[in-house]
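What the coordinates show
Okay, here's what each chain looks like letter by letter:
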Amino acid sequence: MKTLSSLPLIELEPGNMGYVRQLQGGRAVVGRLAALGFTPGAPVTLIRKQHRGPLLVSVRGTQIALGQQEAQHVLLSPADNEEPTSALDNASPCYTIALAGQPNVGKSTVFNLLTGLNQHVGNWTGKTIEQKTGQFTHAGRTYQIVDLPGTYSLTANSEEERLAREYILQEQPDLVIVVVDAATLERNLYLLAEILLLPAPVVLALNMMDVARQEGIQVEPDVLQSALGIPVIPMSASRGQGINTLIETATQLLDGKIAYQPRRPSILPAHQSVLNTLTTQLTPFVPTPYPPEWVALKLLEGDEEITSLMKNLVPAQEWEKIGALLYQHEDAILDIAGARYEWIARMVRAAIVQPQVTRVGLTARLDRILTHPFWGTLSLILILGSVFWLTYTIGSPLQNWLSAQVNLLADLLRTWMTPAPPWLTEMLASGVLGGLGMVLTFLPILAIFYATLGLLEDTGYLARAAYLSDRWMHQLGLHGKSFLPILLGFGCNVPAVFGTRIIESPRARLLTTLLIPFIPCTARMAVIAILTPLFFPNNAALVTWALVGSNLLLLAILGWLLHHFAFQDEHMAFIMELPLYHLPNLKTIGLYIWHNLISFLEKAGKVILLASLLVWVFSYFPTGQVQSSYLGQVGQWLEPLGHSMGIPWQALIAILTSVAAKENTIATLGVLYGDLNNLSQQIAPQAGLALLVFQMLFIPCIGTLAAIYQETRSFKWTAFSIILTLFLSITAAILVYQIGSLF
């Protein structure tokens, strides 16, 4: 092994190892790194390093992707003269069940096995984070299951962590089932170490035993149970194994038939006296139901929420003493995390037999290709190309078939309602049925998107895709996970906006959502494909590619501007686990598709239907003709604006109707001009190019706007998206026409 001087992780060479000496970067970054296993003395091996993209490292048996800036904050010591510290060895009716676990441990699969279809998907009160609850009955009892957000720790560095711990503390469930990945047990037990400090009894669900065996890891559940002092249930949830034993054990623990004597982690001796002092000082002021020692521990960790809470409750004079003590021991967070990992190491040494060094597991073999800068990128392109192929080969024909059936049904309705007033007939056929048809035509595309996303996430590949694409996304201030929603926006912007849920950072999620409307979807491209040959018969392909390229260039520029100015150049941290590969659970993916489609129909579907009806009203009344309707009057009122772009008011109306659905542009132009070939005779080429640019950048369809509102829960950001696209489309169209008129 090459001898290393003390240096940042970023300077480590691939294949070399060092031991963590110090963490920097502020409490939030240090806390997140510590929760993932980067504590003083922890061995770190660099697997892969790219010129600009994130690093791939191994720490405590888990692969972690780290952004280059985050890697600067991890300082290492030489591997040949530093050993991991080991100070802990010397240190002294109806039941509610909470389901907790880190991401990628199969917690959703366990939840689905327990509840089946008897579950409800909503949001946590006042939050945009998804909440899943369900019920099951066993031995005549009803059990309420609450699926807590997946989180690496209970330090309030994120909304998910805050919700998980507040639920356990405030709602006081009868039992907490902690789901862990048996193949990466060392890091997974960190969350258990924190949950054991809370009042609720705990059962450990040792999931993915099949994956552990696949990786050559032998786990002894009985030994681990004896070491922890809590029930430990081996499981392979993807195969349906162990779920009945888990239910029976939970029942027996709640009935008091199983001994519960948890062996909780302590703190390293260097800070034990400080913890005792803080606990004594805080006890008179700690509100119910918070345990005083837990509150003291959180203050030492630098937990902002608990610090703010206690600062308001403790008298100023007392708080000054506490604050001074905390300031003197700012490094306590590393001792706390280190103590937990020492406790974990003892459990792991007792219960796990690691594979031989010469054995290469399935994940390591696959990652040699799938995380390689060239072969990994090529694999990513092929996988995403397959997604597009599925979308166009299966989704688009289904979408067209559904649209044809809706049109056929509308014609039958018009025939059946011939005696009725024409406005009523058209309102039902075009407004109501047309709106319902639009909602239904989204379903095939959405189903394919959610099936693909669920499959990639459940196998563990999605994290690799984010790792590979982060070096490009980071230039725009985005997370690597932004790549997939943006790419899928070429199929349809609606599922792309919904797909931003996979991005943990709220800022990166919002920025990605605002940029997606600038991705030309299939509907926009269909309009462009029809109109471009009319204005540029000899150069249609070249003009089309130029329009798409211009949109993507504008997206990149806009992303950079929003990141650097609107979001104050905030750094999007890239610290992400790369889970082990494993077989997907089809039931979990099926339920994932089902719940997301139902959510779309219940929420976005209502908005689309209402908006479609409103567009129909404005395009029909008062005369029954688009030209003389309220929408037509708006078009004539906007005629001066149209002149600056060289676009007649009739064409402006056509683009306005595209707010309901982008394809409406062609339908409305057909009504107003009859034969579309007449367009090239009435609109000059430079005006035609301005029309195409206007169409490419104009306000997204109602479905996309409804999705943006549903994901942001903000009228402000939805309105911002409308204003931004409107301003850019008008400005770009004017510039194209005016500059084109000079030649």
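Next up on the list: the nonpolar core. Among the nonpolar cores identified, the biggest contains 87 residues, and Leu-531 and Phe-694 are the most heavily contacted of them. For this core, the element with the highest residue contribution is helix α30 (residues 685–697), accounting for eight residues. When near neighbours in sequence (up to four residues on either side) are disregarded, Leu-531 contacts Ile-666, Leu-669, Leu-679 and Leu-692. Ranked by size, the runner-up nonpolar core spans 70 residues in total, among them Leu-148, Val-176, Ile-195 and Leu-228.

Attention now goes to a nonpolar patch on the surface. Residues Ile-369, Phe-374, Trp-375, Leu-378 and Leu-382 make up a contiguous nonpolar surface patch of roughly 530 Å² in combined accessible area. Residue contributions to the nonpolar patch peak at three residues, all from helix α15 (residues 375–416).

What follows is about helix α31 (residues 702–712). When you tally the buried positions in α31, you get 10 out of 11 residues, the bulk of the element. Taken residue by residue, α31 has Ile-702, Gly-703, Thr-704, Leu-705, Ala-706, Ala-707, Ile-708, Gln-710, Glu-711 and Thr-712 as its buried positions. Once α31 ends, the next one or two residues include Arg-713, with phi positive near 55 degrees.

With respect to the secondary-structure elements, Leu-697 resides in helix α30. Using a relative accessible area of 5% as the deciding quantity, one classes Leu-697 as buried. Distance from Leu-697 to Leu-554, taken between C-alpha atoms, is 9.8 Å for residues 143 residues apart in sequence. Not counting chain neighbours up to four residues away, the residues in contact with Leu-697 comprise Phe-518, Arg-524, Asn-551, Leu-554, Thr-725, Leu-728, Ser-729 and Ala-732.

Attention shifts here to the side chain of His-73. Secondary-structure assignment places His-73 in the loop between α2 (68–72) and β6 (74–78). Residues in contact with His-73, not counting those within four places in the same chain, are Gln-22, Leu-23, Gln-24, Gly-25 and Val-29.

A separate point is unusual backbone geometry. For the bond running from Thr-288 to Pro-289, omega is 10 degrees, close enough to zero to count as cis. Inspection of the secondary structure puts Pro-289 in the loop between α9 (269–282) and α10 (292–301). Not every positive phi belongs to a glycine, and Gln-172 is a case in point at roughly 50 degrees. Relative to the helices and strands, Gln-172 resides in the loop between α4 (159–171) and β11 (175–181).

All told, the structure shown has nine aromatic pairs when counted by the stated rule. For the pair Tyr-290 and Trp-294, a centre-to-centre distance of 6.0 Å together with 15 degrees between the ring planes defines the contact as stacked. Considering the side-chain rings of Phe-374 and Trp-375, the 4.8 Å spacing of their centres and the 75 degrees angle between planes classify their relative orientation as edge-to-face. A relative accessible area of 48% means that Trp-375 is categorised as partly exposed. Across from the ring centre of Tyr-581, 4.1 Å away, lies the NZ or CZ of Arg-464, which sits over that ring.

Definitions and cut-offs
All residue numbers refer to positions counted from 1 along the written sequence of the respective chain. Local features in this predicted model are restricted to residues of pLDDT 70 or higher, and side-chain atom pairs are both shown and tallied only at a pLDDT of 80 or more, whereas totals for entire chains, interfaces and linings draw on every residue. Values reported for side chains reflect all heavy atoms of the structure, with hydrogen atoms and water molecules removed beforehand. Put simply, a nonpolar core is a bunch of buried Ala, Val, Leu, Ile, Met, Phe, Trp, Tyr and Cys residues held in one set by side-chain atoms that sit within 4.5 Å of each other. Under the scheme applied here, a residue whose accessible area is under 20% of the maximum for its type counts as buried, over 50% as exposed, and between as partly exposed, the area being computed with a 1.4 Å probe on protein chains only. The numbering of helices and of strands both runs from the N terminus, where a helix is a DSSP run of H or I of at least 4 residues and a strand a run of E of at least 2. Whether two residues are in contact is decided by their heavy atoms, any of which lying within 4.5 Å being enough. Patches in this entry comprise residues that are over 30% relatively accessible and not in a salt bridge; like charges within 9 Å are linked, as are nonpolar side chains (Val, Leu, Ile, Met, Phe, Trp, Tyr) within 5 Å. Note on areas: Shrake-Rupley, 1.4 Å probe, and residue coverage restricted to the protein chains presented here. We define a salt bridge as a side-chain nitrogen of Lys or Arg found within 4 Å of a carboxyl oxygen belonging to Asp or Glu. Geometry of aromatic contacts follows a simple scheme: Phe, Tyr and Trp rings, the Trp one being its six-membered ring, pair when their centres are within 6.5 Å, and the pair is stacked under 30 degrees between planes, edge-to-face over 60, tilted otherwise. Two conditions define a charge sitting above a ring: the NZ of Lys or the CZ of Arg must be within 6 Å of the ring centre, and it must be within 35 degrees of the ring normal.

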